[in-house]
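Here is what each chain is made of, one letter per residue.
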Amino acid sequence: MSIVQTMSVDGQCEPCNPVTPAVHPAFFFSRGPGTFRVATPMPKGARTRLVTAMTAAGHTTGCIVLRGGNSSERYDTDHEEIFRQESFFQYLFGVAEPDCWGIIELGTGRATLLIPRLKPEYAVWMGDIKSASSFKDRYVVDACGYTDELQSTVSAALGRCADGPVHLLAGVNSDSGNDLSKVLPATEGVPPGALVDSSHLYNVLAECRVIKSPDEIELMRYVSWVSSAAHASVMRDVRPGMMEYQLEALFLFHCAYHGGCRHAAYTCICACGPNAAVLHYGHAGAPNDRQLQGTDMALLDMGAEYYCYCADITCSYPVGGAFTPDQRMVFETVLECQKQILAAMKPGVLWGDMHRLMWRVTLTRLKEFGLLVGDVSEMLEANLGFVFTPHGLGHLIGIDTHDCGGYLPNTPPRSSVPGLSKLRTARVLQAGMALTVEPGCYFIDAQLDPALADPQTARFLVPAALERFRGFGGVRLEDVVVVTDTGVDNLTLCPRTVSEVESVMRGGEWPPPTDAAPWLHRRWSTLDKASGTMVRDDRVRIEAAEFVTDADF
Ligand SMILES: [Mn+2]
């Protein structure tokens, strides 16, 4: 492993000078040289889209009052947790600091940021106290004041907005079941006597976040690129005898050191051997602490976060560096799911249909290799796919790993069918949606045993063949993709085919000189360090160009 290398995906080593991040007037956000520059004030664009959408929904008066995320301390101690902005506030204001409020006036879109008035002692312990006017310039808002003037500032805003209502966020996150209006109540921002309307803002704003702007897509391309490079680096360094947490450490190191990503998008799942059958392995009770065996399959689900935008990527590969026939069979079953789903995805397609396609491909392949018998359509009717893939095919992704907007009024409801019920959205695909595509195939005792005991499913199962896969764990391949007008743009640039994986595990170069799997729709990109933007990576030659639908190629 090379500790000191540049951020290049190909792993070329050259000295890397840590540089103190500095705010530069030419761009909105960056973590310094060698990291992505958010060139324009993205939150300003998001506010414009929100005001337009609220107007279109008939809400033309009043102002939106939003509460930013709180600083917090560990239990009863003064240990300050590292702050991460609340996602709606991040979308609309992009403010790194805690304990702020924001006001957006409908009609004009005028935006006011309110910051806490800090005590002089702050300067001793935390650093310079920045003025309100410096916040106004830094975050490109129309005005900046202090949170101790919250209600009077909102009153003044209402006076400019035909004395309409204060619009507050209230809505249930369909993944957590939590309501932001309870987690982070904003009612103290409502002046006495003002009307409150919390019936529409959540749905309108969540819908805005579902469709990504070109700026958001480039940012997500960066964080997926950093995460993909980190995955490739871990893949190259894996050896039997290592600990799962060392894979986690290598990934986090790469993303932080080379990508400026201080946060991970979620807790790393470094599941090797039988642990790969534990879908959310890596939690405090199962803290990535197995020693890798040469016969293990590794399933590594890890993603970085940059400017609060997430990547969610899973690679699976044999710890020993070469696939056994059984490992290859399961791996290529999941890869075939990806191939067929990526070919089928385009605007107008139902996400639930893509999930069912995953089940059909998986069951067809498992039958082909003697693990199942019978008619695949009958297997689907018996919901056999759920036995091998108990989770959903994928989810919306953006500022949250499981992004908001999966189930809103006027979108298809959650299915009650086991497995399909786990889908975090059942929506019709639209251009600009960012989703993960994460087919998987697992051999989970808690799924297999009931299926073997139930005559409805047992009739398709070949117990002797399945027995061979007890303890195998499972395989998942997860990419972040954006729906385009004609298909998909795959932001994930990981080794995916058997030959790509085995090549990288032998120390081969990545990205490869030629892309032999254009059906993965990987759009080869790299960071241009001078401009801090993502540019086409011309080093990779695409083969079989007839598969490529992206007009950019
Ligand atoms: Mn995911």
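Predicted model only: the values in this text are computed from it and were never measured.

### A few points about the overall build of the protein chain
Each helix and strand in the protein chain was counted, giving 17 helices and 21 strands. Over its C-alpha trace the protein chain gives a radius of gyration of 25 Å, about what one expects of a compact globule, namely 24 Å for 553 residues. The dimensions of the protein chain, computed from C-alpha atoms along their principal axes, are 75 × 55 × 55 Å. In the protein chain, which comprises 553 residues, the proportion classed as buried is 47%. Within the protein chain, residue pairs in contact and separated by at least 24 positions form 72% of the contacts whose partners lie at least 6 positions apart.

### Section: the sheet that holds strand S4 (residues 143–146)
Here 6 strands make up an open sheet; going across it, the order is S4-S3-S2-S1-S5-S6 and the pairing mixed. Of all the strands in the sheet, the pair left with one neighbour each is S4 and strand S6 (196–197). Relative to strand S2 (residues 101–105), strand S1 (residues 63–67) is paired through 5 bridges, and the arrangement is antiparallel. Paired with Ile 64 across the two strands is Ile 104, which belongs to S2.

### A short note on the packing of helix H8 (residues 214–237) against helix H9 (residues 244–259)
Contact pair H8 / H9: the axes reach a minimum separation of 9 Å and the direction vectors enclose 140°. As summarised for this structure, H8 and H9 are arranged oblique, according to the angle between their axes. In this structure, H8 meets H9 at a crossing whose hand is right-handed. Contacts between H8 and H9 involve Val 226, Ser 227, Ala 229, Ala 230, Ser 233, Val 234 and Asp 237 from the first element and Leu 247, Leu 250, Phe 251, His 254, Cys 255 and Gly 259 from the second. Here the residues of the contact of H8 with H9 sort into 8 nonpolar, 4 polar and 1 charged.

### A word on the domain arrangement of the protein chain
Domain boundaries assigned for the protein chain yield domain 1 (42–210) and domain 2 (214–547). On a C-alpha basis, the centres of domain 1 and domain 2 stand 35 Å from each other. By residue class, the composition of the side of domain 1 that touches domain 2 is 4 nonpolar, 7 polar and 4 charged.

### Observations regarding the packing of H8 against helix H17 (residues 498–505)
Helix-helix packing: each pair is described by the crossing angle between the helix axes and the interaxial distance. Put simply, H8 and H17 touch, their axes get as near as 7 Å, and they point 65° apart. Taking contact as the criterion, the partners of Ala 232, Met 235 and Arg 236 in H8 are, on H17, Val 501, Val 504 and Met 505. Tallied by class, the residues present in the contact of H8 with H17 amount to 5 nonpolar, no polar and 1 charged.

### As for unusual backbone geometry
Cis geometry marks the peptide bond from Trp 510 to Pro 511; its omega dihedral reads 0°. Within the secondary structure, Pro 511 sits in the loop between H17 and strand S18 (514–515). Backbone geometry places Asn 288, a non-glycine residue, at a positive phi of 50°. Tracing the sequence through the fold places Asn 288 in the loop between strand S8 (269–272) and strand S9 (297–302). Positive phi values are uncommon outside glycine, yet His 521 reaches one of about 55°. Looking at where His 521 falls in the secondary structure, it is placed in the loop between S18 and strand S19 (525–528).

### Quick word on helix H5 (residues 150–159)
Those residues of H5 that fall on the buried side of the exposure criterion are Leu 150, Thr 153, Val 154, Ala 157 and Leu 158. Projected down its long axis, H5 shows its buried positions confined to an angular sector of 140°, all on one face. Seen from the buried face of H5, the exposed residues on the opposite side, beyond 90 degrees, are Ser 152 and Gly 159.

### Description of the nonpolar core
The biggest cluster of nonpolar side chains holds 152 residues, and the ones touching the most others in it are Cys 63, Leu 113, Val 223, Val 226, Ala 304 and Tyr 306. Ranked by the residues each element gives to this core, the list is headed by H8, at 11 residues. Taken domain by domain, the makeup of this core includes at least three residues from each of domain 1 (42–210) and domain 2 (214–547). Those residues in contact with Ala 304 that sit more than four places away from it in its chain are Val 223, Val 226, Ser 227, Ala 230, Cys 255, Gly 259, Cys 261, Ala 264, Ala 265 and Ala 311.

### Some words on the pairing of strand S16 (residues 479–483)
The element S16 is largely enclosed, with a buried count of 5 among its 5 residues. Alternating positions in S16 separate into two faces, Asp 479, Val 481 and Val 483 on one and Val 480 and Val 482 on the other, with burial throughout. Here strand S13 (residues 434–437) runs beside S16; their pairing, made up of 4 bridges, is antiparallel. In the strand pairing of S16, Val 437 is matched with Asp 479. Relative to strand S17 (residues 488–490), S16 runs antiparallel, the two being bridged by 3 bridges. Bridging across to S17, Val 483 finds its partner in Val 488. In sequence, S16 turns back onto S17 through a hairpin of 4 residues.

### Concerning the sheet that holds S16
Strand pairing in a sheet takes place through backbone hydrogen bonds and is either antiparallel or parallel in direction. Taking strand neighbours across the sheet as the criterion, the 3 strands line up as S13-S16-S17 in an open arrangement whose pairing is antiparallel. Only two strands of the sheet have a single partner each, and these edge strands are S13 and S17. The mean inter-strand angle of the sheet, taken between neighbouring strand axes irrespective of direction, is 35°. Across the sheet, helix H10 (residues 325–344) touches S13, S16 and S17, and the angle it forms with S13 is around 155°.

### Examining the confidence of the model for the protein chain
The predicted model of the protein chain has a mean per-residue pLDDT of 93, with 94% of residues at 70 or higher. Note on residues 1–24: pLDDT is under 50 here. Beyond four places in sequence and across chains, it has 34 contacts. Predicted confidence is poor over residues 545–553, with pLDDT under 50, and the contacts of this stretch with residues over four places away or in other chains come to 14 contacts.

### Some points on the pairing of strand S3 (residues 111–115)
In terms of burial, S3 is largely enclosed, as 5 of its 5 residues are buried. Going residue by residue along S3, you find Ala 111, Leu 113 and Ile 115 tucked away on one face and Thr 112 and Leu 114 tucked away on the opposite face as well. Bridge count for S2 against S3 is 4 bridges, and the pairing is antiparallel. Among the inter-strand pairings, Ile 103 is bridged to a residue of S3, identified as Thr 112. The loop that links S2 with its antiparallel partner S3 comprises 5 residues; one of these, Gly 107, has a positive phi angle of about 95°. As paired elements, S3 and S4 share 4 bridges and run parallel to each other.

So, how was this worked out
- Residues numbered from 1 in each chain as written.
- Predicted model: local features only at pLDDT ≥ 70, side-chain atom pairs only at ≥ 80, totals over all residues.
- Helix = DSSP H or I, 4+ residues; strand = E, 2+ residues; numbered from the N terminus.
- Rg over C-alpha atoms; globule rule 2.2 N^0.38 Å.
- Buried ≥ 20, exposed ≤ 12 C-beta atoms within 10 Å, placed from the backbone.
- Contact = placed C-beta atoms within 7 Å.
- Pairing = 2+ DSSP bridges.
- Axes fitted to C-alpha atoms, helices over the stretch in contact; angles between N-to-C directions.
- Parallel < 35°, antiparallel > 145°, perpendicular 65-115°, else oblique.
- Left-handed = near helix turned anticlockwise from the far one by under 90°.
- Nonpolar A, V, L, I, M, F, W, Y, C, P; charged D, E, K, R; others polar.
- Domains from an automatic or database assignment.
- Arc of directions from axis to C-beta.
- Core = buried A, V, L, I, M, F, W, Y, C linked by C-beta atoms within 7 Å.
- pLDDT = per-residue confidence, 0-100.

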